[in-house]
Amino acid sequence: MILKALYDYYNRCDNMPAYGMEEKQIGFLLVIDHSGKFLRFEDCRIDKDTAKTFLVKKMIGRTSAVAPNYLYDNSSYVFGYSTKENGKEQQCFDAFKAEVESIAQQFPENDDLKALCLFYEKSRDEILNELERDTLWSEVIKNLGKKFSFFSFRIEGDTKIIAQKREILQLEVPVSSGDGTSICLVSGIKGVPVETTTATMVPGSQATAKLVSFQVSSGYDSYGKKKGYNAPISEAAEFAYTTALNTLLSKNSRNKFSVGTRTFVFWASSSERAALQAEDALFSMLGFVENTDNPNANIENVRKVFNGIYSGSIKTSLDDKFYILGLAPNAARIAVAYWSETTLRDFAGMILQHFDDMEVIDTRKEKRPYMGLRDILGAVTLSKKHTDATPNLPDAVVKSIFQGLPYPYTLFASAIRRIRAEQEVSFYGGPCRVAIIKAYLNRLNDTNNKKLDIMLDKENTNQGYLCGRLFATLEKIQEDANHMSTIRERYMNAASATPAAVFATLLNLSSHHSEKLNAGAKIYYEKIKQEIIDKIMSDGFPAHLDLQDQGRFFVGYYHQRQDFFTSKNVNNEQE
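The following paragraphs examine the structure supplied in this document.

### Points about the sheet that holds strand β2 (residues 28-32)
Judged by pairing direction, the sheet is mixed, and its 3 strands sit side by side in the order β3-β2-β5 without closing on themselves. If you trace the sheet from one side to the other, it starts and ends with β3 (38-43) and β5 (151-155), each paired once. The sheet shows a mean angle of 30° between the axes of neighbouring strands, direction not considered. As paired elements, β2 and β5 share 5 bridges and run parallel to each other. In the strand pairing of β5, L30 is matched with F153.

### Some details on the nonpolar core
Counting 89 residues, the largest nonpolar core has L282, F306, F402, F471 and F503 as the members making the most contacts within it. Here this core takes 9 residues from helix α15 (residues 463-482), the largest share from any one element. The contacts of F402, once residues within four sequence positions are left out, are F257, L282, L286, I324, Y338, F347, M350 and I351. Judged by nonpolar contacts, the second largest core, of 44 residues, contains M21, F28, A104 and I168.

### Considering the packing of helix α8 (residues 273-285) against helix α10 (residues 344-358)
Axis separation between α8 and α10 bottoms out at 11 Å; the angle between their running directions is 30°. Taken together, the axis directions place α8 and α10 in an arrangement best described as roughly parallel. Crossing of α8 against α10: the hand is left-handed. Counted together, A274, A275, A278, L282 and M285 of α8 and L344, F347, I351, H354 and F355 of α10 form the full contact between these two elements. In terms of residue class, the contact of α8 with α10 is made up of 9 nonpolar, 1 polar and no charged.

### Quick notes on the packing of helix α1 (residues 2-12) against helix α7 (residues 235-249)
Axis separation between α1 and α7 bottoms out at 8 Å; the angle between their running directions is 80°. Classified by the angle between their axes, α1 and α7 sit roughly perpendicular to one another. Across from L3, L6, Y7, Y9 and Y10 in α1, the residues of α7 making contact are A237, F239, A240, Y241, T243, A244, L245 and L248. A class-by-class count of the residues in the contact of α1 with α7 yields 12 nonpolar, 1 polar and no charged.

### Let's talk about the environment of D563
Of note, D563 is situated in helix α19 (residues 547-574). Judged by relative accessible area, D563 falls into the partly exposed class, the value being 23%. In the structure, D563 is positioned 240 residues away from Y323 in sequence and 41 Å away in space, judged by C-alpha atoms.

### A few points about the sheet that holds strand β11 (residues 334-343)
Two pairing modes exist for strands in a sheet, parallel and antiparallel, and in both the strands are linked by backbone hydrogen bonds. With antiparallel pairing, the 4 strands of this open sheet are ordered in space as β8-β9-β10-β11. Of all the strands in the sheet, just β8 (256-259) and β11 have a single pairing partner and so form its edges. Strand-to-strand twist across the sheet, computed as the mean angle between neighbouring axes with direction ignored, equals 20°. Pairing geometry for β8 and strand β9 (residues 262-268), over 4 bridges, is antiparallel. The partner of F257 across the bridge, within β9, is F264. Strands β9, β10 (321-329) and β11 of the sheet are contacted by α1, whose axis makes an angle of about 55° with β9. The strands touched by α10 within the sheet are β10 and β11, with β11 carrying the most contacts at an inclination of about 105°.

### Quick word on the side chain of D73
Positionally, D73 belongs in the loop between β4 (53-57) and α2 (75-78). Looking at D73, its side chain comes within polar contact range of the main-chain nitrogen of N69, at 2.7 Å. Discounting residues that sit within four places of it in the chain, D73 has contacts with R62, A67, P68, V78, F96, F150 and F151.

### Quick notes on the pattern of salt bridges
Counted according to the given criterion, the structure contains 31 salt bridges. Notably, a salt bridge pairs R561 with E475, separated by 3.5 Å at the nearest N-O pair. Residue R561 is located in helix α19, and its partner E475 is located in helix α15; the two are separated by 86 residues in the primary sequence. The class for R561 is buried, based on a relative accessible area of 11%. E475 sits in the buried class, given a relative accessible area of 0%. Within the structure, one salt-bridge network assembled from shared partners comprises E424, E475, E479, R488, E489 and R561.

About the thresholds
Along each chain, the written sequence defines residue order, and numbers are assigned to residues from 1. In keeping with the model being predicted, local features are shown solely for residues with a pLDDT of at least 70 and side-chain atom pairs are shown and tallied solely at 80 or more, while totals for entire chains, interfaces and linings include all residues. As a rule here, side-chain values cover all heavy atoms of the structure and leave hydrogens and water aside. Between any two strands, at least two bridges found by DSSP are needed for them to pair. Each helix corresponds to a stretch of at least 4 residues labelled H or I by DSSP, and each strand to a stretch of at least 2 residues labelled E; elements are numbered beginning at the N terminus. To obtain an axis, a line is fitted to C-alpha atoms, over the contacting stretch when the element is a helix, and the angle between two such axes runs from 0 to 180 degrees between their N-to-C directions. Put simply, a nonpolar core is a bunch of buried Ala, Val, Leu, Ile, Met, Phe, Trp, Tyr and Cys residues held in one set by side-chain atoms that sit within 4.5 Å of each other. For every residue, the accessible area (1.4 Å probe, protein chains only) is compared with the maximum for its type, and the residue is labelled buried under 20%, exposed over 50%, or partly exposed between those bounds. Note on definitions: a residue-residue contact is assigned when non-hydrogen atoms from the two residues lie within 4.5 Å. Should an angle fall under 35 degrees it is taken as roughly parallel, and over 145 as roughly antiparallel, whereas 65 to 115 is taken as roughly perpendicular and any remaining angle as oblique. The hand of a helix crossing depends on one turn: near helix anticlockwise from the far one by less than a right angle means left-handed, and clockwise means right-handed. For this classification, the nonpolar set comprises Ala, Val, Leu, Ile, Met, Phe, Trp, Tyr, Cys and Pro, the charged set comprises Asp, Glu, Lys and Arg, and every other residue, Gly included, is treated as polar. As used in this structure description, the phrase polar contact means that two N or O atoms lie within 3.5 Å; if the pair is within protein, one of them must be able to donate a hydrogen and the other to accept it, and residues adjacent in sequence are counted only when both atoms belong to side chains. The salt bridge definition used is simple: a Lys or Arg side-chain nitrogen within 4 Å of an Asp or Glu carboxyl oxygen.

Purely geometric stuff here, so don't read any function into it on its own.
Here it is as structure tokens:
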């Protein structure tokens with residue numbers, strides 16, 4: 001299913017390399033003239049980790065055997081130099097030289113190949129002596145271990161490298177019939193199956209990591225079949241799905257996001273307007289905010305797009321699907337950590353449900369986004385960094401958001417733990433922790449408790465919620481009386497867990513604080529206190545609140561505090 005979805009994605013995109021080609025990072029070019037004389041190195045690096053990409057013939061998948069690539073390769077092949085000194089430098093150099101001569105024989109009239117053959121008339125030592133005198137030689141040696149440490153040639157005055165010129169590329173058409181063919185399990189079309197698949201590296205994995213591979217002599221050799229012949233994938237299908245996946249995983253891809261060690265890629269089955277808007281909207285939602293002046297506008301645009309898809313104002317087909325694939329690095333393979341396939345409209349509905357569940361009142365002047373995956377995970381870690389979240393938490397949160405499942409208990413408990421440790425409900429001044437608690441509780445199948453609202457709910461009679469409201473009121477009275485707050489630091493944890501043990505003391509303290517207020521403020525706060533206390537059970541404050549009601553305590557506390565700020569703003573505007 002995953003491979004078929006990637007195969008279809010390749011076929012629906014018109015901007016991916018044709019069969020037999022790939023976008024390859026090449027760090028340095030050897031510039032030569034028409035007589036084969038080496039002129040200089042050309043630096044193609046963009047930064048310390050990336051270089052320019054060139055559309056060249058697909059790289060050969062090799063193990064320990066010597067096998068040169070088509071007019072480009074690493075330093076061992078192109079000029080016979082390696083910092084590892086494994087004794088194969090001369091063998092690799094000779095193989096690449098022989099490959100160049102073989103290609104030149106097939107295109108005898110090509111001037112570029114003639115120049116390249118003249119370059120390789122010199123011995124390996126002569127070539128190295130010329131290269132070592134170049135000013136960039138030290139940079140070349142320093143970067144041989146990088147993923148862009150590949151080399152090719154450019155003729156002086158030309159704009160293209162030799163390896164990307166289509167007139168000399170020998171692109172073989174996949175065989176679809178005859179001996180050695182079998183039914184491809186991805187496309188259902190007859191073709192020659194591949195023995196090994198192309199590497200699709202994710203961050204943290206080995207450069208040779210693959211999504212599909214078979215271990216030799218480890219129980220996977222059924223009926224005498226080895227490696228990829230156990231589950232035949234044709235050359236065309238293998239090229240299509242690996243090219244699609246590598247495109248989704250590329251550095252500038254707008255179809256991926258990373259959380260910790262997990263890399264998630266997503267795509268739609270259609271190239272219609274709604275599908276493309278959904279891809280862009282999801283990219284904006286997950287923390288990749290480009291509009292730094294007003295990042296909250298991006299979240300509103302996301303909501304607008306998914307609301308349009310779900311309501312039908314943006315037209316979609318019932319057959320339009322949306323896919324999300326989560327990958328994790330493993331020893332020699334890539335582990336599939338998450339896979340989701342759903343209709344585009346249902347996916348839009350689940351994103352809107354996430355927005356509704358996470359929405360709480362926010363009185364900040366700069367309403368920074370707090371519903372993205374990175375914000376959620378960062379709010380429940382000690383360092384406030386999403387990368388420090390527990391290993392399985394990102395996958396669980398992704399499932400909750402994208403499949404409409406209950407939010408993980410670990411997320412809820414971590415939010416409570418951070419609030420109790422810091423005596424601070426907000427996260428960097430924002431409502432993310434309260435939003436997590438509200439979202440978790442509202443998705444529970446709990447018919448005994450009223451669902452939490454976005455803002456203050458005076459009809460909510462849950463004892464934990466009421467205790468939180470009362471604590472916020474008593475804290476506000478102290479702030480107005482003494483222009484400071486101490487009961488939060490000293491009593492919040494106890495009040496949220498064992499209300500009966502501390503609220504008598506807090507109410508007694510509050511009576512002393514109220515005496516310092518003017519008459520109007522005293523009446524105002526007394527009415528709020530009375531309204532809340534009237535809803536407390538007749539036998540008094542609860543002796544103990546379970547973890548869910550502790551969560552309601554913090555939501556009630558936050559709602560009441562925000563209501564005080566809102567009321568103050570309204571009064572100021574009226575004045």
